[in-house]
Amino acid sequence: MTMKTNQTVEELKDLLPEDQIVTDDEALYDASADRYKKYPKSKNVLDVPKPLAIVYPHSPEEVKSLLMYCNENLINVIPRSGKTGTEGGLENWKQKTIVIDGSKMNDIIDIDTYNMQATVQSGVKLQTLEDELRKVGYTTGHSPQSKPVAQLGGLVATRSIGQFSTLYGAMEDMLVGLECVFPEGNISKIKNVPRRSGGPDIRHIALGNEGALCYITEVTVKIFKYTPENNEFHGYLIEDMETGISILREVMVNGYRPSVARCYSEEDARNHFGHFYEGKCVLIFMAEGAKGIVKATSEAIDEAVEKFQSGIIKQVDSSLIEDWFNNLNWDQSKIDAEIEEMVKHDKHDGFTTEISADWESVIKIYNNVMARVRNEFDRAEDLTMLGGHSSHSYLNGTNMYFVYNYEINCAPEDELLVYHHPIHQIIIEETLKQGGSMCHHHGIGKYRSEWTKEEHGSAYYMLEKLKEAFDPNGIMNHGTIFPQPNEVKKYIRG
């Protein structure tokens, strides 16, 4: 350690017990980047600085002390809670950085089934809360693939979404209130009410801030009755993505909310439904909730499918769709298995870039991206998969997950520059060109920040002023959301 590093670590010991401070070299390396750089990270060739320490506060007051110390000493802070980030939001770009990990703040404070809400500390795993709720017949309704390892603080900070969002909503729909800490030491608690008209909705200062404005310490979310015995599954092989998007739109604009409504391209369907997709696109639904709601929703799905019958090839046995859902989530063992594949066999599970757009634009974006990647990407011959799926729909549009993988024929440290970033860039360019959003739910992180101003246009003024007001010294997660052009080029473009 350098003298300056030693001094910082020693001063941290005045704020926290020594066993809450980690300086182990392996842990610091792991904390220097997230899953955006999963391949070079697994190969031990990361090009970013390690943080000075990882600290594990046990209370909002300890978070306050840490943030005030860092603010006074201009030390960069990376808030961490769950470690499942995919867009570089947890990556370190500063020599003087500490990671504040919320996983030790892991108490379930209250499960209130009468008022239909649950309050937890930010380090509670979503799976842990879900397991406790299901014991008494309730659910959060939130089910991202990372559910077994994701923590509530991180889910709120990244404006997360789950697989059942078309019924239950995304995190902004589920969040009731929260507690967060700002760099100058203010602990702000937003009370739990069903709605209010008390000025702008201040939940949204913390919600989706990706650790660039504040540190979330407590979260209250809605809960719902859990009735899996009523679930009904629907699956179809279809001719093309246009047919699937048209059916999704028909169901949504008629006012129905299946918990799952998804349409997969041929290549993406091969990845998920290889045992029955027959080289075709796949459309799937799940109707969930009270019996009457499920019955009406299933009937609406049948009617929508009938309306576009010319694009339907065949119906799929519903048990195949149910089995797929029951095995969709990944846990730490899945993450570890992918790391092993990267280390031993120079391959990974691929990448995704998720966007959103209105109904009219989303299929244009999909088709334009497919054409550009196949015709312009200079390593197109290395692609082993290029496809997409829509998985979160709304009254006025839907999302599109672009999914891609490739043979890695370059040095590990060049992989993102050679493969991922050029594809990522095409997707973002085509989305913004059509007026869509470049980030549906994974957040901006650090590697979409070069397009943040274009994403927000004239409204970037509002975002910029939040940073100036709440983090005037710029110590919160440097490089995340807010553009740092020279540093993006340094760490991605060679």
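The notes below deal with the structure included here. (Residues numbered from 1 in each chain as written. Predicted model: local features only at pLDDT ≥ 70, side-chain atom pairs only at ≥ 80, totals over all residues. Heavy atoms only, no water.)

## Observations regarding the sheet that holds strand E9 (residues 187-190)
Heads up, the condition is: Two strands make a pair as long as DSSP finds a minimum of two bridges between them. Starting at the N terminus, helices and strands are each numbered in turn, a helix being any DSSP run of H or I of at least four residues and a strand any DSSP run of E of at least two. The axes used here are C-alpha line fits, helices contributing only the stretch in contact, and every angle between their N-to-C directions lies in the interval 0 to 180 degrees.
Within the open sheet, the five strands sit side by side as E5-E6-E10-E8-E9. Their pairing is antiparallel. Single-partner strands in this sheet number two, and they are strand E5 (108-112) and E9. On average, each strand axis in the sheet is inclined to that of its neighbour by 10 degrees, with strand direction left out of account. Relative to strand E10 (residues 215-222), strand E6 (residues 117-121) is paired through five bridges, and the arrangement is antiparallel. The residue of E10 that forms the bridge with Gln-121 is Glu-218.

## Topic: the packing of aromatic side chains
For clarity, the threshold we go by: Within 6.5 Å between ring centres, the rings of Phe, Tyr and Trp (the latter by its six-membered ring) count as paired, and their orientation is classed by plane angle as stacked under 30 degrees, edge-to-face over 60, tilted in between. The buried label applies to any residue whose accessible area, calculated with a 1.4 Å probe on protein chains only, is under 20% of its type's maximum; exposed applies above 50%, and partly exposed to all values in between. By the criterion adopted, a ring carries a charge over it if an Arg CZ or a Lys NZ lies within 6 Å of its centre and within 35 degrees of its normal.
All chains considered together, the criterion is met by 14 aromatic pairs. Measuring from ring centre to ring centre gives 4.3 Å for Tyr-36 and Tyr-447, while their planes differ by 10 degrees; the resulting arrangement is stacked. In this pair, Tyr-36 is assigned in the loop between helix H2 (25-30) and helix H3 (38-42) and Tyr-447 in the loop between helix H16 (415-433) and helix H17 (452-456), connecting sequence segments 411 residues apart. Tyr-447 matches Tyr-36 in its accessibility class, with the two residues each being buried. Through pairs of rings, three or more aromatic residues link up here, namely Phe-233, Tyr-264, Phe-273, Phe-276, Trp-324 and Phe-325. Between the NZ or CZ atom of Lys-38 and the centre of the ring of Phe-351, over which it lies, the distance is 4.8 Å. Cation over ring: Lys-104 sits above Tyr-56, and NZ or CZ is 5.7 Å from the ring centre.

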